[in-house]
Amino acid sequence: MNAKLVAIFISFILFIGFPVQGRAENDTKAAKNHTEDLINLSDRVFQYTDANQDTAAYSLLNELSKEWNRSPQNYSEKDQRVINTAIAKLKVLMANSGENQREITDAAVSLRLGFDALAPDGKPLWKNLHYAVTAPVSKMKSALNNKDNERFQYYLNEFLDKYAVVYPAMVINGQTDVVNLVNKQINSFSDQREKSLKTSTRIRQLNGIDRELNNVFDQSSQNHEESMVGLATIIGGIIVCVLAYASWRRYMGEHLRREHVR
């Protein structure tokens, strides 16, 4: 009888903790498959763009856009806004045949990274560009110390280009407050590029940008780990409750047995 009660108790707890687990797993699997399809399409768009086959890339981009719009309920408003903006930007660049091919390719890479950032599992590709994004910061500092404004402006442009490529994926994966902070700092620094500021002031600003960028790259990798810790805590709590109840039942059973013997 005790075993039956424990079994019923466990089932009740699992039902309360995970009332629609089966359906949720199916929905999660379907959403994951859909995201993988979108990632594959975005990858093909990038490959055609990188090969300068813009006509084929534009056709695939339209297909990708239609597929993306079929299931907006699977994604947050923020994710929809970011991806829609990235798609629109690439379409505009492709529509203007006179645009710089590198700019088109960068936009295709940015879109590819954005879709990859939607995947719930694994390490996002954009994090592999950590060094590529932050390396120009050190070069800007060196140029400033050498009072070489031309090199400073060149590396600032390089930094802004690479930052723009990862920004959509960064918004999707990163913590909103941290991403907003570093974006505000970068925009402010860029707006002041032609102003006469002290070298020490610019370097202090670059140190702040470098520090906050490192925070974005580091903290975004913790999101999945933190969610898993939360799930483990819930499951652990359920197990502790079940074991405590089973121990209490055994204690009461033994206590009643001794009382009956007396």
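Section: the overall build of the protein
Right, so step 1: Scanning the protein from N- to C-terminus turns up ten helices and zero strands.
Right, so step 2: Taken from the N to the C terminus, the helices and strands of the protein come in the order α-α-α-α-α-α-α-α-α-α.
Right, so step 3: Within the protein, the proportion of its 262 residues that are buried is 35%.
Right, so step 4: When the accessible surface of the protein is totalled, it reaches about 15,700 Å², and 54% of it is carbon and sulfur.

Remarks on the environment of isoleucine 203
Right, so step 1: With respect to the helices and strands, the residue isoleucine 203 is situated in helix 9 (residues 199-220).
Right, so step 2: Spatially, the C-alpha atom of isoleucine 203 lies 8.7 Å from that of asparagine 145, the residues being 58 residues apart in sequence.
Right, so step 3: When sequence neighbours within four positions are dropped, the list of residues in contact with isoleucine 203 reads Lys141, Leu144 and Asn145.

Digging into the packing of helix 6 (residues 130-145) against helix 7 (residues 149-173)
Right, so step 1: Taken N-terminus to C-terminus, the directions of helix 6 and helix 7 make an angle of 165 degrees; their axes are 8 Å apart at the nearest point. Compared by their axis directions, helix 6 and helix 7 come out roughly antiparallel. The handedness of the crossing between helix 6 and helix 7 comes out as left-handed. Taken together, the residues of helix 7 that come into contact with helix 6 (itself represented by Ala132, Val133, Pro136, Val137, Lys139, Met140, Ser142, Ala143 and Leu144) are Arg151, Phe152, Tyr155, Leu156, Glu158, Phe159, Lys162, Tyr163 and Val166.
Right, so step 2: Grouping the constituent residues of the contact of helix 6 with helix 7 by class yields 13 nonpolar, one polar and four charged.

Digging into the confidence of the model for the protein
Right, so step 1: Considering every residue of the protein, the mean pLDDT works out to 80; 70% of them sit at 70 or more.
Right, so step 2: In this model residues 220-240 is a low-confidence stretch, pLDDT under 50, and it forms 15 contacts with partners more than four residues away in sequence or in other chains.

Here we look at the pattern of salt bridges
Right, so step 1: Within this structure, the stated rule accounts for five salt bridges.
Right, so step 2: Among the salt bridges present, the one from aspartate 116 reaches arginine 112, with a minimum N-O distance of 3.9 Å. Of this pair, aspartate 116 and arginine 112 are both found in helix 5 (residues 101-117), four residues apart, which corresponds to roughly one turn of the helix. Pair check on accessibility: aspartate 116 and arginine 112 agree, each one buried.

A word on helix 4 (residues 77-95)
Right, so step 1: Taking 1.5 Å per residue as the helical rise, helix 4 with its 19 residues ought to reach 27 Å, and the 27 Å between its terminal C-alpha atoms agrees with that figure.
Right, so step 2: Taken as a whole, helix 4 has its buried residues at Asp79, Val82, Ile83, Ala86, Ile87, Leu90, Leu93 and Met94. Here the buried residues of helix 4 occupy an arc of 130 degrees about the axis, which is enough to place them on one side. Residues of helix 4 that are exposed and angled more than 90 degrees away from the buried face: Glu77, Arg81, Thr85 and Ala95.

A closer look at the packing of helix 4 against helix 5
Right, so step 1: In the contact formed by helix 4 and helix 5, the axes pass within 9 Å of each other and the chain directions differ by 160 degrees. When the interaxial angle is binned, helix 4 and helix 5 end up roughly antiparallel. Here helix 4 runs over helix 5; the crossing is left-handed. On the side of helix 4, the interface is formed by Ile83, Ala86, Ile87, Leu90, Leu93 and Met94, while helix 5 contributes Glu103, Ile104, Ala107, Ala108, Leu111, Gly114 and Phe115.
Right, so step 2: Of the residues that constitute the contact of helix 4 with helix 5, the class distribution is eleven nonpolar, one polar and one charged.

So, unusual backbone geometry
Right, so step 1: Positioned with a positive phi, asparagine 52 is a non-glycine residue whose angle comes to about 65 degrees.
Right, so step 2: Topologically, asparagine 52 is positioned in the loop between helix 2 (21-50) and helix 3 (54-69).
Right, so step 3: Looking at asparagine 52, the relative accessible area reads 52%, which means it is exposed.
Right, so step 4: A positive phi angle is found at lysine 147, which is not glycine, with a value near 55 degrees.
Right, so step 5: Looking at the element boundaries, lysine 147 is found in the loop between helix 6 and helix 7.

Basis of the calculations
- Counting starts from 1 at the beginning of each chain's written sequence and moves along it residue by residue.
- Whole-chain, interface and lining totals are the exception, using all residues; otherwise, since this is a predicted model, local features are given only for residues with pLDDT of at least 70 and side-chain atom pairs are given and counted only at 80 or more.
- Based on all heavy atoms of the structure, the side-chain values leave hydrogens and waters out of the count.
- Strands are runs of DSSP state E lasting at least two residues, helices are runs of H or I lasting at least four, and both sets are numbered from the N terminus onward.
- Burial classes: relative accessible area under 20% of the type maximum marks a residue as buried, over 50% as exposed, and values in between as partly exposed (1.4 Å probe, protein chains only).
- Values of accessible area rely on a 1.4 Å probe in the Shrake-Rupley scheme; residue burial ignores everything except the protein chains shown.
- Working rule for contacts: check all heavy atoms of both residues, and any pair within 4.5 Å makes them a contact.
- A fitted line through C-alpha atoms represents every axis, and for helices the fit uses only the stretch in contact; the resulting angles, taken between N-to-C directions, go from 0 to 180 degrees.
- Each angle gets one of four labels, with under 35 degrees taken as roughly parallel, over 145 as roughly antiparallel, 65 to 115 as roughly perpendicular, and the rest as oblique.
- Working rule for handedness: look at the near helix, and if it is turned counterclockwise from the far one by less than a right angle, call the crossing left-handed; if clockwise, right-handed.
- Amino acids outside the nonpolar list (Ala, Val, Leu, Ile, Met, Phe, Trp, Tyr, Cys, Pro) and the charged list (Asp, Glu, Lys, Arg) are all regarded as polar, and Gly is one of them.
- The pLDDT value tells you how sure the predictor is about a given residue, anywhere from 0 up to 100.
- Here a salt bridge means any side-chain nitrogen of Lys or Arg lying within 4 Å of a carboxyl oxygen belonging to Asp or Glu.
- A helix is expected to span 1.5 Å multiplied by its residue count minus one.
- Arc definition: directions from the helix axis to the C-beta atoms.

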